[in-house]
Amino acid sequence: MSVSGYSKREVKGVQAFAEKAASARRGGLLHGTKVATTSGWKLVERLVAGDLVRTLDHGFQELRRVRADQIIVSGDERRPEHLPVLVPSRAAFNGRPVWLMPEQGMALDQGKLGVGIEGISIIPARMLSGVGRLKSDTPAQTFDVTSLFFDQDELVFIEGGFQVYCPSGRMVSASGQNTEPYEVADAEHADLLIEAVVSKGDISALANPLAALPAPIPTEPIFPIRPPLGIRRPGRPGRPDMPVLFLRSEWQLQ
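Computed from a predicted structure; not experimentally measured. (Residues numbered from 1 in each chain as written. Predicted model: local features only at pLDDT ≥ 70, side-chain atom pairs only at ≥ 80, totals over all residues. Heavy atoms only, no water.)

Engineer: Would you mind showing me how to read the overall build of the protein here?
Structural biologist: Each helix and strand counted, the protein has one helix and 16 strands in total. For the protein, buried positions account for 41% of its 254 residues. Across the protein, every contact between residues at least 6 apart in sequence was considered, and the portion connecting residues at least 24 apart equals 63%. Carbon together with sulfur atoms contributes 53% to the accessible area of the protein, which is approximately 13,100 Å² in total. (Helix = DSSP H or I, 4+ residues; strand = E, 2+ residues; numbered from the N terminus. Buried < 20%, exposed > 50% of the residue type's maximum accessible area, 1.4 Å probe, protein only. Contact = heavy atoms within 4.5 Å. Areas by Shrake-Rupley, 256 points an atom, 1.4 Å probe, with all protein chains shown as cover.)

What follows is the structure in structure tokens.
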């Protein structure tokens, strides 16, 4: 089974570039999709190398490369494997529609399905078509997608509470060993997982409400520090000899 196999190609040269793809059967995030970063939600097309992106297992990880591609879908295309998947508003934990590329790997928590298997499994988004209100469609005949690359394979949080699979772009690590910490389900296993999702009647195994609202990470300390003797916070007249706690440097009197 191919899951974001198109995105596993090694990207050389400039950090971000565009090229036309004849087929939409690939992974990536459609432009307009929001990704969780240290500053909260950020549109995927505005991400650049060096940004810190929220991942499922490794905290905030530095984005190493960004690849942009233009996708063209013919007007008579009806094959689900060649069409993005539409997640309508509130079909998951999304307040607006979200589009998923057909071969974009999606994290599925097997432990929430009651099938006796624990851990995360990766399935292609095209298999979600027909689950609940999700369906295969296209936002336009021409649209742009962006692929994200890290030092290792990561699961990245996007709007709607989904976690998407972002391969490192390398077949082997710097040490020469294959690094694939996440299991990509084969066709038979993926079918069983989707049947379990449909039977359960919800998509909690695919979308997490707690992941739908990631809090931004402050860049300044929030713990109080004790100022030098005699420094006091504005608005507290008198008692100049009593140390007080302050949070911001502008509170100090010069």
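Engineer: What's the story with helix 1 (residues 187-200) in this structure? I'm lost.
Structural biologist: Each full turn of the α-helix corresponds to 3.6 residues, which orients residues three or four apart in the same direction. Given a rise of 1.5 Å per residue, 14 residues ought to cover 20 Å, and the 20 Å separating the end C-alpha atoms of helix 1 matches this to within 8%. Where helix 1 is buried, its residues meet strand 10 (105-109), strand 11 (120-124) and strand 16 (183-184). A positive phi of about 85° marks Gly201, the residue just after helix 1. (Expected span 1.5 Å × (residues − 1).)

Engineer: Quick question: what am I supposed to make of the environment of Leu43 here?
Structural biologist: Its location among the elements puts Leu43 in strand 4 (residues 40-43). Along the chain, Leu43 and Glu159 lie 116 residues apart, while their C-alpha atoms are 9.9 Å from each other.

Engineer: Explanation requested: the pairing of strand 7 (residues 65-72) in the structure shown.
Structural biologist: Sheet faces and side chains relate simply in a regular strand, where the side chains alternate between the two faces. In terms of burial, strand 7 is a largely internal element, six of the eight residues being buried. Pairing analysis gives eight bridges linking strand 7 to strand 13 (residues 142-149), with the strands arranged antiparallel. From the neighbouring strand, Ala68 faces strand 13, where its bridge partner is Thr146. (Pairing = 2+ DSSP bridges.)

Engineer: Help me out: how do you make sense of the sheet that holds strand 12 (residues 135-136) in this one?
Structural biologist: Within a sheet, each strand pairs with its neighbour through backbone hydrogen bonds, oriented either parallel or antiparallel. One open sheet holds the three strands; their spatial order is 9-8-12, and the pairing between them is antiparallel. Looking at strand neighbours, the two that pair on one side only are strand 9 (98-100) and strand 12, the edges of this open sheet. Sheet topology note: the strand 8 (residues 85-87)/strand 9 ladder contains three bridges and is antiparallel. From the neighbouring strand, Val85 faces strand 9, where its bridge partner is Leu100.

Engineer: Sorry, what's going on with unusual backbone geometry here?
Structural biologist: Note: most peptide bonds trans; most residues except glycine with negative phi. The phi angle at Arg90 is positive, at roughly 65°, despite the residue not being glycine. Here Arg90 is to be found in the loop between strand 8 and strand 9. A relative accessible area of 67% means that Arg90 is categorised as exposed.

Engineer: Looking at this structure, I do not really get a negative patch on the surface. What am I missing?
Structural biologist: Residues Glu183, Asp186, Glu188, Asp191 and Glu195 make up a contiguous surface patch of negative charge. A total of three residues in the negative patch trace back to one element, the largest contributor, which is helix 1. Within the fold, Glu188 resides in helix 1. The exposure class of Glu188 is exposed, given its relative accessible area of 61%. (Patch = residues over 30% accessible without salt bridge, like charges linked within 9 Å, V, L, I, M, F, W, Y side chains within 5 Å. Salt bridge = Lys/Arg side-chain N within 4 Å of Asp/Glu carboxyl O. Lys, Arg positive; Asp, Glu negative; His and termini not counted. Charge placed at Lys NZ, Arg CZ, Asp CG, Glu CD.)

Engineer: What is the right way to look at the pattern of salt bridges in this model?
Structural biologist: For side chains of opposite charge, pairing can occur when their charged atoms come near one another. Counted according to the given criterion, the structure contains nine salt bridges. With its nearest N and O atoms 3.2 Å apart, the salt bridge here joins Lys42 to Asp51. Ionic pairing is found between Glu77 and Arg79, a salt bridge with its closest N-O pair at 2.9 Å. The partly exposed category is assigned to Arg79, whose relative accessible area is 42%. Each of the salt bridges in this network shares a partner with another, and the network as a whole consists of Arg25, Glu103 and Arg126.

Engineer: In this structure, what is going on with the nonpolar core? I would like to understand it.
Structural biologist: Nonpolar side chains in soluble globular proteins tend to be buried together. If you look at the biggest cluster of nonpolar residues, it comprises 38 residues, and the most contacted ones within it are Leu100, Met106 and Ile123. Of all the elements in the fold, those that place two or more residues in this core are strand 8, strand 9, strand 10, strand 14 (154-158), strand 15 (162-166) and helix 1. Among the elements that take part in this core, helix 1 stands out by supplying five residues, more than any other. If we skip the residues at most four places from it in the chain, Leu100 touches Leu30, Pro84, Val85, Val87, Met106, Ala125, Leu128 and Ile158. (Core = buried A, V, L, I, M, F, W, Y, C linked by side-chain atoms within 4.5 Å.)

Engineer: I tried to follow the packing of aromatic side chains on my own but got confused; where do I start?
Structural biologist: Considering all chains together, one arrives at one aromatic pair under this definition. Residues Tyr165 and Tyr182 carry aromatic rings whose centres are separated by 6.4 Å and whose planes lie at 80° to one another, so their mutual orientation is edge-to-face. Remark: Tyr182 occurs in the loop between strand 15 and strand 16 and Tyr165 occurs in strand 15; sequence separation between them is 17 residues. In this pair, the class of Tyr165 matches that of Tyr182, namely buried. Its end group placed over the ring of Phe157, Arg54 keeps NZ or CZ at 4.2 Å from the ring centre. The aromatic ring of Phe149 is capped on one face by Arg65, whose charged end is 4.9 Å from the ring centroid. (Phe/Tyr/Trp six-rings, centres within 6.5 Å; stacked < 30°, edge-to-face > 60°. Lys NZ or Arg CZ within 6 Å of the ring centre and 35° of its normal.)

Remember, this is a structural readout, not a statement about activity or role.
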